[in-house]
Amino acid sequence: MTSLDTLISRRRLIGTLGASAGLAALGLPRIAFAAAPTENRLVVVMLRGALDGLAAVPPYGDSRYPERRANLALPMPGQPDGMLPLDRTFALNAALASIQPMWSAGELLIVPATAGGYHTRSHFDAQDLLEMGLVERHGTPSGWLNRALVDIQGGDRQRRLGLAVGPAVPLMLRGSVAVASWEPPNLKPADPTLLAALAQMYAGDKLLGPALADGIKAQNLSDEVLGSGMMDADGKPRFAKAGGYGPGAFKPMAEAAGGLLAAADGPRVAVIDMGGWDTHVGQGTVKGRLADNLRGLADGLAQLKTSLGPAWGRTVVLIMTEFGRTVAPNGTNGTDHGTASVALLLGGAVRGGRVAGDWPGLSQLEENRDLRMATDLRAVAKGVLRDHLGVAQAHLDTAVFPDSAAVKPLGGLVRA
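These remarks concern the structure in this document.

About the thresholds
Residues numbered from 1 in each chain as written. Predicted model: local features only at pLDDT ≥ 70, side-chain atom pairs only at ≥ 80, totals over all residues. Heavy atoms only, no water. Helix = DSSP H or I, 4+ residues; strand = E, 2+ residues; numbered from the N terminus. Contact = heavy atoms within 4.5 Å. Areas by Shrake-Rupley, 256 points an atom, 1.4 Å probe, with all protein chains shown as cover. Buried < 20%, exposed > 50% of the residue type's maximum accessible area, 1.4 Å probe, protein only. Pairing = 2+ DSSP bridges. Polar contact = N/O pair within 3.5 Å; in protein donor to acceptor, adjacent residues only side chain to side chain. Salt bridge = Lys/Arg side-chain N within 4 Å of Asp/Glu carboxyl O. Core = buried A, V, L, I, M, F, W, Y, C linked by side-chain atoms within 4.5 Å. Axes fitted to C-alpha atoms, helices over the stretch in contact; angles between N-to-C directions. Left-handed = near helix turned anticlockwise from the far one by under 90°. Nonpolar A, V, L, I, M, F, W, Y, C, P; charged D, E, K, R; others polar.

## Focus on the overall build of the protein chain
Within the protein chain, the regular secondary structure consists of 15 helices and twelve strands. The contacts of the protein chain with a sequence gap of at least 6 include a subset with a gap of at least 24, amounting to 70%. Here the protein chain has roughly 15800 Å² of accessible surface; of this, 54% comes from carbon and sulfur atoms.

## Things to note about the pairing of strand β2 (residues 41–47)
Burial analysis of β2 places seven of its seven residues in the buried class, which makes it a mostly covered element. Covered by surrounding structure in β2 are Arg41, Val43, Val45 and Leu47 together with Leu42, Val44 and Met46, the residues of both alternating faces. Across seven bridges, the pairing between β2 and strand β9 (residues 315–321) is parallel. Considered in β9, the bridge of Val44 is made with Leu318. Across six bridges, the pairing between β2 and strand β8 (residues 269–274) is parallel. Within the sheet, the bridge partner assigned to Val45 lies in β8 and is Ile272.

## Details of the side chain of Thr38
Inspection of the secondary structure puts Thr38 in the loop between α2 (21–25) and β2. Taking the relative accessible area as the measure of exposure, Thr38 reaches 15% and is therefore buried. A polar contact is formed between the side chain of Thr38 and the backbone nitrogen of Asn40, at a distance of 3.0 Å. Not counting the four nearest positions on each side in its chain, Thr38 is found in contact with Ile152, Arg268 and Leu389.

## Section: the environment of Glu39
Tracing the backbone through its elements, the reader meets Glu39 in the loop between α2 and β2. For Glu39, a relative accessible area of 35% gives the class partly exposed. Separated by 227 residues in sequence, Glu39 and Gly266 have C-alpha atoms that sit 9.9 Å apart. Sequence-distant contacts of Glu39, defined by excluding residues within four places in its chain, comprise Ala264, Arg268 and Arg314.

## What to know about the pattern of salt bridges
Taken as a whole, this structure holds 17 salt bridges when the rule is applied. Note that Asp52 and Arg69 form a salt bridge whose closest N and O atoms lie 2.4 Å from each other. Placement of the pair is Asp52 in the loop between β2 and α3 (53–56) and Arg69 in helix α4 (residues 65–69), with a sequence separation of 17 residues. Here Asp278 makes a salt bridge to Arg325, at a shortest N to O gap of 3.0 Å.

## Observations regarding the nonpolar core
Counting residues in each nonpolar core, the largest one holds 48 residues, and the members touching the most others are Val45, Val57, Ile99, Leu108, Leu301, Val317 and Leu346. Counting residues per element, this core draws most heavily on helix α13 (residues 289–308), at eight residues. Contacts of Leu346, omitting those with residues within four sequence positions, involve Ile99, Met102, Glu107, Leu108, Leu301, Trp312, Thr315, Val316, Val317 and Ile319.

## Quick word on the packing of helix α7 (residues 144–152) against helix α15 (residues 393–400)
Relative orientation of the contacting elements α7 and α15 amounts to 145°, with a least axis distance of 10 Å. The interaxial crossing formed by α7 with α15 has right-handed handedness. Each of Trp144, Arg147, Ala148, Val150 and Asp151 in α7 lies in contact with α15, whose residues at this interface are His395, Ala399 and Val400. Its residues assigned to classes, the contact of α7 with α15 comprises five nonpolar, one polar and two charged.

Rendered as structure tokens:
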């Protein structure tokens, strides 16, 4: 029995994943997937806690890089544990070595200096706005990816082409279109009803309210709690040993997601969360908390490619985070909440092996502390949804990302 078979055999499915031959081959229960309107796949990986983009994809060719990053500057290419150069300006953190072959194969595209177009340093607010596709709160909360499914599914809102991988459906996938979700085996998460009640109870408390909300959203506190209740197929705490939803847990989740998406009549759009990116203290360089997280992310993405099999050729993986971090280290060898980070696109459908968008440089910073935004994440998402999944431009400008006609889709992200 393969590890994926093991995962699937221990799965819990929320919603009603379907009764197709392809899903049956994966050992899934019988459910109702109609023929999919597209063979293309989209996986959105949400990095919660704010990834330091300058650490993941360091701009080593920027003359201000060593000075600006100080003790967080990574070893130059060619040095021990040095960065992995992509071009004359950018490199990959050595911890991302598992995805370096995708760059060589033209399956990895970098979009530096990305942000959501909103101005907040709160995880809670930024994640909500990013997932709602808004720059300020208004209307009934629903996710931009769910609203995109309205167009993709052609009005059949029970088709369940969307899949959430994790203990809850992320806001990005919530809305009027029914989606399925899969959570790791034997997970015993904190009761979401209780969490919601606590959040509501303390919403008016100026101290506890934001702290509780941020804690839930960033999942910084949930790693240990969630991980303690997860058992592997052999009765061993697999996810707990891996650190709950920490870096070691991402790979089996990506493996399962790839298997589900690979089914000929399975889901076409999936969201996977990965937490633990809030590195205020002890961020590290070639070793440490951030390097461990990056390594777990890269290993999971490589596994996702393997699990998708031939479907990888029709897949785009979009990796995003709510905001970036300060350019300079703080006093505890970490970084604080900033503005712009980096977005990555991977997959056989990606026109990669290159950098898209602009680079604002490190000479002039936002508020003299943050990397300035050069590319709006909505433009990246619009480009993928339009050119990969065929979502209509008018629907993107008015419904998926309301009042965003001025934010043009970033073109040329996917292969023709």
